[in-house]
Amino acid sequence: MDAIRIQGGVPLNGTIVIGGAKNAALPLMAAAMLTDEPLTLTNMPELADIATMGNLLRQLGVRIDQSALGAGDASGEAGATGRTMTLRTEKIASITAPYDLVRRMRASVLVLGPLVARHGEAKVSLPGGCAIGTRPVDLHLKALEALGAKIELKQGYVHATVAKRLKGAQIIFPKVTVGGTENTLMAASLAEGETIIENAAREPEIGNLADCLNAMGANITGIGSGTLRVKGVERLHGARVPVIPDRIETGTYAVAAAITRGSLTLKGTRYDLLKSVFDSMASAGVEITQQGDSIIVAAKNGLRGVDMMTEPYPGFPTDMQAQWMALMATADGASMITETIFENRFMHVPELTRFGADVNVHGASAIVRGTAKLSGAPVMATDLRASVSLVLAGLAASGETLVNRVYHLDRGYERLEQKLQACGARIERVGGG
C-alpha cells in the first residue's frame, strides 16, 4: 500500500493551478441521466471518486467519452490536467446501483433522484458507514416521498418507484443537507408542477448543479438562497457546463503556503467560494491578495491562533477543519475549533499529536495550543481531509514524515505530490499496492 514520504521544513513558493471541484462534478455527472442528449462537462478533475461514479453510471447505461485539454507547465507551474467529459444516456440500461460501488463513495446515492424522475424506478444500495460520522439518507428519501415516490427498504437497498411522473411539492428540510438538496433538485426538474425546497443547502456546488439543470432546460430560481423553486418540465436537453473551481483544494494549498511560511499563487480559482476561510486566515496574520482568477497566499513567522466553528455554507466548511487544525498547531497562542457538522471528525487529532501538536478534544470542540516546532513522524490517515492535514503538518515539520494509507488522498486531490514538488516540497510517493 502506498505511502507519502516528506522531508519537511521547506517554505513553499510557486504557482499551483486549481482543478475542478469534485463535489460539484459528481452531481453534474448524475444529472446526465435526466436526458437522452449529451451533457458535456468541462474543467473535470481526474480523481478516484470521479472514476468510481463513472463506473457506476456506465452500469446504468451512460456512455462516457473523455478528452484531456492539456497539463500545466512542469517547469515551475504546477497545473492540473483539464478534462472534458461528455455523458449520454440514450436509454437506462439498469435501475440498480450495487452495494459494491456505492460503499466506495457515498455520492453514488445521487443517482436515486435522476433514475426515479426519468425512468420511474430505482434500486440503490444504502451507503453504509462513514468514517467521519453519520450521513443519513433519510432526508433524501422523505423528499422523494413528498414528490410522490413510493419508497421501500429491503435487504440493504432503497427501492423507489413512481407510477407516472413525480409531482411538485413543498419540501422543508429539518436540517441542511447538500446531497438531499441535490437529489431533490434533479428529481423535481422533471416533476409535474412546482416544487419549493425550504432550508436548501447554499453551497456553491448546489449552484453549479442548478445552473447546469437550467442550461438543460429546467426552471429553477432562488439559486444561492435557502429557498429553491423548481417548475418541472417534461424533458431536458443536452448542454455544455463548466465545473466550478475546487474551493477545498484552494483552501488546502492556501494552508500549505501559510503552514510552511511560504508564498503560493493559486491560479484558476475564486475568492468568493472560500471567503470564510480566507477571512479566518487573514485574522491569523496570513497575507491574501486577489489578482484576477488568482489568489496569492503568503505568510511569515508570527501567525496568531484564531477560533473557528464549522457551519453550512457560507460558514467555515467542515472539509477544511482538519487543515485549519494543522495550521493552528503552528500558530502563536491558543485556538478553539468547534465541529458542528460531523460527530467523528476529530480522528486526525491523535495523528497530529505524533508531530508534537498540542491538541485537547472536549466533546465537539478542540483546544489547539501552538508549538514552536513540529517534528516529523510516521502517521496514518483515516479519511480524505484528515489525510491532507497530515501532509500539511509533514510539510511544516522538521525531519521525515511518512503518511500511510494515502489512497484516501487520491479521492479528492489530483497530482498532489507533483503540485507540491513543483513549489519546492520534498515529497514523494513510496511503496506499491
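Quick summary incoming for the structure in this document. (Residues numbered from 1 in each chain as written. Predicted model: local features only at pLDDT ≥ 70, side-chain atom pairs only at ≥ 80, totals over all residues. Heavy atoms only, no water.)

### Thoughts on the overall build of the protein chain
- Along the protein chain, the regular secondary structure elements total 13 helices and 25 strands.
- By its C-alpha atoms, the protein chain is 65 × 45 × 40 Å across when sized along the principal axes.
- Looking at the protein chain as a whole, 57% of its 433 residues are labelled buried.
- Sequence-distant contacts in the protein chain: of pairs separated by 6 or more residues, those separated by 24 or more amount to 74%.
- For the protein chain, the exposed surface amounts to about 16300 Å²; the carbon and sulfur share of it is 48%.
- One finds the centroid of the 43 positive side-chain charges in the protein chain at a distance of 3 Å from the centroid of its 42 negative side-chain charges. (Helix = DSSP H or I, 4+ residues; strand = E, 2+ residues; numbered from the N terminus. Buried < 20%, exposed > 50% of the residue type's maximum accessible area, 1.4 Å probe, protein only. Contact = heavy atoms within 4.5 Å. Areas by Shrake-Rupley, 256 points an atom, 1.4 Å probe, with all protein chains shown as cover. Lys, Arg positive; Asp, Glu negative; His and termini not counted. Charge placed at Lys NZ, Arg CZ, Asp CG, Glu CD.)

### Section: the environment of Met1
- Within the secondary structure layout, Met1 lies in the segment before β1 (3-7).
- In the structure, Met1 is positioned 139 residues away from His140 in sequence and 35 Å away in space, judged by C-alpha atoms.

### Remarks on the packing of aromatic side chains
- According to the stated counting rule, one finds two aromatic pairs in the structure shown.
- Ring centres 5.0 Å apart and planes at 20° place the aromatic pair Tyr271 and Phe278 in the stacked group.
- Their ring planes at 70° and their centres at 5.6 Å tell us that Phe316 and Trp324 sit as a pair that is edge-to-face. When sorted by exposure, Phe316 lands in the same class as Trp324, which is buried.
- Directly above the aromatic system of Tyr157 lies the positively charged group of Lys123, at a separation of 5.4 Å from the ring centroid. (Phe/Tyr/Trp six-rings, centres within 6.5 Å; stacked < 30°, edge-to-face > 60°. Lys NZ or Arg CZ within 6 Å of the ring centre and 35° of its normal.)

### Structural notes on the pattern of salt bridges
- According to the stated counting rule, one finds 22 salt bridges in the structure shown.
- Overlapping salt bridges, with partners in common, bring together Asp2, Asp410, Glu417 and Arg429 in one network. (Salt bridge = Lys/Arg side-chain N within 4 Å of Asp/Glu carboxyl O.)

### With respect to the side chain of Thr250
- If you trace the backbone, Thr250 turns up in helix α8 (residues 247-259).
- Within the local environment of Thr250, its side chain forms a polar contact with the backbone oxygen of Asp246, the two atoms lying 2.8 Å apart. (Polar contact = N/O pair within 3.5 Å; in protein donor to acceptor, adjacent residues only side chain to side chain.)

### With respect to empty space enclosed by the protein
- Inspection of the entire model under this criterion finds two cavities of 30 Å³ or more.
- Approximately 60 Å³ is the volume attributed to the largest cavity.
- What lines the largest cavity is Gly19, Gly20, Pro45, Leu47, Asp246, Glu249, Gly412, Tyr413, Glu414 and Lys419.
- Residues that form the lining of the largest cavity fall into these classes: three nonpolar, three polar and four charged. (1 Å grid on protein atoms, 1.4 Å probe; cavity = no way out; pocket = protein on both sides within 12 Å on 5 of 7 lines; lining within 4 Å. Points joined across faces, edges and corners; volume = space filled by probe spheres on them. Nonpolar A, V, L, I, M, F, W, Y, C, P; charged D, E, K, R; others polar.)

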